[in-house]
2 protein chains.
Amino acid sequence: MYKARINITLRSSILDPQGKAAHNALTHLGFENIDQVRIGKYIEMGIDAESVETAETVAREACRKLLANPVMEDFDIQIVSTEG
Amino acid sequence: MYKARINITLRSSILDPQGKAAHNALTHLGFENIDQVRIGKYIEMGIDAESVETAETVAREACRKLLANPVMEDFDIQIVSTEG
């Protein structure tokens, strides 16, 4: 049994209005030294697979087919074992 | 200059309808070996600070004051240097 941790981010060429709004709010709260705020998705899932490689393939397919928008988003997958 | 990578997750005691919907959709697509899908937020930001510790304090304050809901969400902060 493995756990996949997936970070999905908007490509840097795509405007991120949600990140911009968070940056504005942070500035108004006095966080002057924060910039380049980008907001994406974080997905965790359990994967029943025989090996790390198989689990990563399953997670990658899930991102390609459903979870990420391949035109606008990039994704980064980390697989951890949940045994023992 | 540092970059903060922040994962914000719903506490495990809180129902996650978005994750449940993604899990259902994945099952319909044939991903039978995936379970426990939880969806949270991933935030990246640049922080101008003198040390890793200061950058982490700034990121933690930003989560506490704005980015995360302390009642329903947990957050995990990773600081990386962007110098050099």
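Quick summary incoming for the structure in this document. Small disclaimer: the values here were computed from a predicted structure and weren't measured. (Residues numbered from 1 in each chain as written. Chains lettered and ligands numbered in written order. Predicted model: local features only at pLDDT ≥ 70, side-chain atom pairs only at ≥ 80, totals over all residues. Heavy atoms only, no water.)

Examining helix 2 (residues 52-67) of chain B
In step 1: Among all positions in helix 2 of chain B, only B:A55, B:V58, B:A59, B:A62, B:C63 and B:L67 are buried. The buried residues of helix 2 of chain B occupy one face: seen down the axis, they fall within an arc of 140°. With respect to the buried face of helix 2 of chain B, the exposed residues turned more than 90 degrees away are B:E53, B:R64 and B:K65.
In step 2: Those residues of helix 2 of chain B that are buried lie in contact with helix 1 (17-28) and strand 2 (34-47) of chain A together with strand 1 (2-10), strand 2 (34-47) and strand 3 (73-81) of chain B. (Buried < 20%, exposed > 50% of the residue type's maximum accessible area, 1.4 Å probe, protein only. Helix = DSSP H or I, 4+ residues; strand = E, 2+ residues; numbered from the N terminus. Arc of directions from axis to C-beta. Contact = heavy atoms within 4.5 Å.)

Details of the sheet that holds strand 1 of chain B
In step 1: If you trace the six strands from one edge of the open sheet to the other, you get 3(A)-1(A)-2(A)-2(B)-1(B)-3(B), paired in antiparallel fashion. Bordering the open sheet on either side are strand 3 (73-81) of chain A together with strand 3 of chain B, each of which pairs with just one other strand. Averaged over all neighbouring strand pairs, the angle between strand axes comes to 20°, with direction disregarded.
In step 2: Where strand 1 (residues 2-10) of chain A and strand 2 of chain A come together, seven bridges link them in antiparallel fashion. When the sheet's bridge partners are listed, A:I6 is paired in strand 2 of chain A with A:I43.
In step 3: Together, strand 1, strand 2 and strand 3 of chain A together with strand 2 of chain B form the strand contacts of helix 2 (residues 52-67) of chain A, whose direction differs from that of strand 3 of chain A by roughly 150°. (Pairing = 2+ DSSP bridges. Axes fitted to C-alpha atoms, helices over the stretch in contact; angles between N-to-C directions.)

So, unusual backbone geometry
In step 1: Backbone geometry at A:Q36 places phi at a positive 50°, although glycine is not the residue there.
In step 2: Mapping A:Q36 onto the fold places it in strand 2.

A closer look at the relation of the copies chain A and chain B
In step 1: The two copies are related by a screw operation: chain A maps onto chain B through 180° of rotation and 0.0 Å of translation along the axis, at an RMSD of 0.0 Å. One copy is carried onto the other by what is essentially a two-fold rotation axis. For chain A, the residue whose C-alpha comes nearest the rotation axis is A:K41, separated from it by 2.2 Å.
In step 2: A high fraction, 100%, of the interface residues of chain A reappear at the interface in chain B, so the copies pair face to face through one surface. (Least-squares fit on C-alpha atoms with pLDDT ≥ 70 in both.)

Looking at empty space enclosed by the protein
In step 1: Applying the stated criterion to the full structure yields one cavity of 30 Å³ or more.
In step 2: In this model, the largest cavity occupies a volume close to 40 Å³.
In step 3: In terms of lining residues, the largest cavity is bounded by A:T9, A:L10, A:D16, A:R38, A:I39, A:G40, B:Y42, B:I43 and B:E44.
In step 4: Its residues assigned to classes, the lining of the largest cavity comprises four nonpolar, two polar and three charged. (1 Å grid on protein atoms, 1.4 Å probe; cavity = no way out; pocket = protein on both sides within 12 Å on 5 of 7 lines; lining within 4 Å. Points joined across faces, edges and corners; volume = space filled by probe spheres on them. Nonpolar A, V, L, I, M, F, W, Y, C, P; charged D, E, K, R; others polar.)

Section: the pattern of salt bridges
In step 1: Tallied over the full model, the rule gives ten salt bridges over all chains.
In step 2: Here B:K3 ties to B:E44 by a salt bridge, and the two come within 3.8 Å at their closest N and O atoms. Here the residue B:K3 occupies a position in strand 1, and B:E44 occupies one in strand 2, the gap between them amounting to 41 residues.
In step 3: Taking relative accessible area as the criterion, B:K3 reaches 27% and is therefore assigned partly exposed.
In step 4: We note a salt bridge from B:K65 to B:E61, for which the minimum N-O separation is 3.5 Å. Taken together, the residues B:K65 and B:E61, both in helix 2 and four residues apart, mark about one turn of the helix.
In step 5: Using a relative accessible area of 52% as the deciding quantity, one classes B:K65 as exposed.
In step 6: By relative accessible area, B:E61 is classed as partly exposed at 26%.
In step 7: Within this structure, A:E61, A:R64 and A:K65 form a network of salt bridges that share partners. (Salt bridge = Lys/Arg side-chain N within 4 Å of Asp/Glu carboxyl O.)

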